[in-house]
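Remarks on the overall topology
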Number of protein chains: 2
Amino acid sequence: MTEEAGGSTTTSIQAKVIAEMRARIISGEVDPGAPLSELVLADEFGVSRTPVREAFKQLQTEGLVEIRPRVGTFVTTPSRREITELFEMKELLEGAAARLLAQRGRVPEIDRLRHNLAEADAAVARDDREHYAELVGEFHDLLITGADNSKLEAHYTTLMNQLAYPRLVKTSLDQPGRPLQSDREHHLVLELIIQKDGDSAEQVMREHVRASRRALLAGLPAPGPGPSTDPART
Amino acid sequence: MTEEAGGSTTTSIQAKVIAEMRARIISGEVDPGAPLSELVLADEFGVSRTPVREAFKQLQTEGLVEIRPRVGTFVTTPSRREITELFEMKELLEGAAARLLAQRGRVPEIDRLRHNLAEADAAVARDDREHYAELVGEFHDLLITGADNSKLEAHYTTLMNQLAYPRLVKTSLDQPGRPLQSDREHHLVLELIIQKDGDSAEQVMREHVRASRRALLAGLPAPGPGPSTDPART
DNA sequence: CACCAATCTCTTGCATGCAAGGAACGTTAG
DNA sequence: CTAACGTTCCTTGCATGCAAGAGATTGGTG
């Protein structure tokens, strides 16, 4: 769930390039808007331009980079508007996942969610935001997986990649009181799922996503939508 | 909306190949499971293997073809299960679009939807299924566009491409009484949207999608999920 | 001093060559 | 006749070469 969005069936070198580049982008190792040179990366990976080029092509389809013909390839910089849209989609998909999971009844994912929340409670109790952030990611992933719809899962992964979510979670959890609130909301959602109340589960889950989005935006100072000409990391 | 799913910013030849191949696949001009040779297509388009290859890469990410390394590229054959999943997503996205559109209030798309339904009524009245099928597609597209969320639109387009929807619509409309029923449901949805009743609009829209899916599956004889080794069109 | 223009370099787009890996076929042994 | 094996052909994966376009830099001019 964490990596591999599309369907990279390729066995070798190209897959590595794609995975590595994707990781760098969503982790924020390369800055949004930064140019990505085929040649430089090819040298770095010790391969020719071709696989790098094909990797770019795929990452473009995934929405992680933008290829401007004859100009260069750049890490995409989601505009404020796009971030809103992405969260709208996140809300939609996660809400649906909660409902679908509730409909499925007793499946292994339920237990794993329970276990996840137990750990999360402990992490919140000792104010371990680092670990809690991981657990939050796992919770949402489990929810999606539990919906048992591969298409939903694929679209969701693409979405999260575009949001570079791992970076964002921490920001939102730095809001005072947010971890505790978040943890409570997770509990409520799981409870409703176990009760097979799909409608409520979806509703609460959507509200949860909105709350997390608010917490996130409150923690973001400058949007920085401008396509920075910053030549960092060339 | 009909073509261009990902973000093919490329200016020239490669974009043509992608568009053409996509059109052929969703129109059913090439059979599902059929092999696609880089060399053959390169010859046909009068270009080298490279752009064809890159086009394949993108189409793979879109879920239209499957590249088996060192073996070949094949038109994807959605399994019965995948079709179910795709419809689940369709229901989800179109339902959400209806709700979002209702929330937006009076926008140009509303009028275009009205006009579309007027034409649709006429088409149904004279039993012009061909034209009605087109109008149905337009109705759904307008709905999505009206939601004013580019991410939703992008995901929706990908979805429809994977379903090769244009082919399917006609099948479902061949069910007796389905066009009339479909038209009525469209009217109801639009009515609810105009009344700004987002919740109901979403609910009815989702029911409509389910109904259309039922009509479709009733008209499909054999699933044929097997990855046919049929070497047609080599 | 400001502005315009020509050039010059760096970028990607495409063509092509070579090699590695499968799959299918024909062959041969049991 | 069947089954296992070896070979051949066909497929894509990757490397590289060349050309065209865009952008930045620099020189010239008003």
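- Under an unreviewed UniProt entry, the name given to chain A is GntR family transcriptional regulator, and the organism recorded is Nocardiopsis suaedae.

So, helix α4 (residues 80–104) of chain A
- Taking 1.5 Å of rise per residue, 25 residues should cover 36 Å, and α4 of chain A covers 36 Å from first to last C-alpha, within 8% of that figure.
- Residue Gly105 of chain A follows α4 of chain A closely and has a positive phi angle near 80 degrees.

Description of the relation of the copies chain A and chain B
- Least-squares fitting of chain A to chain B yields an RMSD of 0.0 Å, with the superposition described by an axial translation of 0.0 Å and a rotation of 180 degrees. The transformation relating the two chain copies, once decomposed into turn and shift, fits a two-fold axis.
- Of all interface residues in chain A, 100% are interface residues in chain B too; the two copies therefore contact each other through one and the same surface.

Remarks on the nonpolar core
- Ranked by internal contacts, the top residues of the largest apolar core, which has 88 residues, are Leu143, Leu152 and Ile193 of chain A together with Leu143, Leu152 and Ile193 of chain B.
- When residues no more than four places from it in sequence are discounted, the contact partners of Leu152 of chain B are Met89 and Leu92 of chain A together with Leu93, Ala96, Ala97, Leu100 and Ile144 of chain B.
- By size, the runner-up hydrophobic cluster in this structure holds 18 residues, among which are Ile25, Ile26, Leu41 and Ala55 of chain A.

Quick word on helix α5 (residues 108–125) of chain A
Residue and element names in this part refer to chain A.
- Between the first and last C-alpha of α5 there are 26 Å, a value that for 18 residues agrees with the 26 Å anticipated at 1.5 Å per step.
- The inward-facing, buried residues of α5 contact α4, α6 (129–146) and α9 (178–194).
- Looking one or two places after α5, you find Asp127, whose phi comes out positive at around 55 degrees.

Some remarks on the sheet that holds strand β1 (residues 35–36) of chain B
- Read across the open sheet, the 3 strands follow the order β1-β3-β2 (chain B); overall the sheet is antiparallel. The outermost strands of the open sheet, each flanked by one partner alone, are β1 and β2 (65–68) of chain B.

Considerations on the confidence of the model for chain A
- On average, residues of chain A score 89 in pLDDT, and 89% of them reach the 70 mark or higher.
- Note that pLDDT drops below 50 for residues 223–234 of chain A; the model gives that stretch 10 contacts with residues more than four away or on any other chain.

Some thoughts on the pairing of β2 of chain B
All names here are of chain B.
- Burial of β2 is one-sided: the residues Val65 and Ile67 facing one way are buried, the residues Glu66 and Arg68 facing the other way are not.
- In this sheet, strand β3 (residues 72–75) lies alongside β2 in antiparallel orientation, the contact comprising 4 bridges. Residue Glu66 lies in a different strand from β3, and its bridge partner there is Phe74.
- What sits between β2 and β3 in their antiparallel hairpin is a turn of 3 residues, with Arg70 showing a positive phi close to 65 degrees.

Quick look at the side chain of Thr61 of chain A
- Its location among the elements puts Thr61 of chain A in helix α3 (residues 49–61).
- Overall, Thr61 of chain A belongs to the buried group, its relative accessible area being 16%.
- Polar side-chain contacts of Thr61 of chain A include one of 3.1 Å to the backbone oxygen of Lys57 of chain A.
- Dropping the residues within four chain positions of it, Thr61 of chain A is found in contact with Gln58, Thr61 and Glu62 of chain B.

What counts and how
- Residues numbered from 1 in each chain as written.
- Chains lettered and ligands numbered in written order.
- Predicted model: local features only at pLDDT ≥ 70, side-chain atom pairs only at ≥ 80, totals over all residues.
- Heavy atoms only, no water.
- Helix = DSSP H or I, 4+ residues; strand = E, 2+ residues; numbered from the N terminus.
- Expected span 1.5 Å × (residues − 1).
- Least-squares fit on C-alpha atoms with pLDDT ≥ 70 in both.
- Contact = heavy atoms within 4.5 Å.
- Core = buried A, V, L, I, M, F, W, Y, C linked by side-chain atoms within 4.5 Å.
- Buried < 20%, exposed > 50% of the residue type's maximum accessible area, 1.4 Å probe, protein only.
- Pairing = 2+ DSSP bridges.
- pLDDT = per-residue confidence, 0-100.
- Polar contact = N/O pair within 3.5 Å; in protein donor to acceptor, adjacent residues only side chain to side chain.

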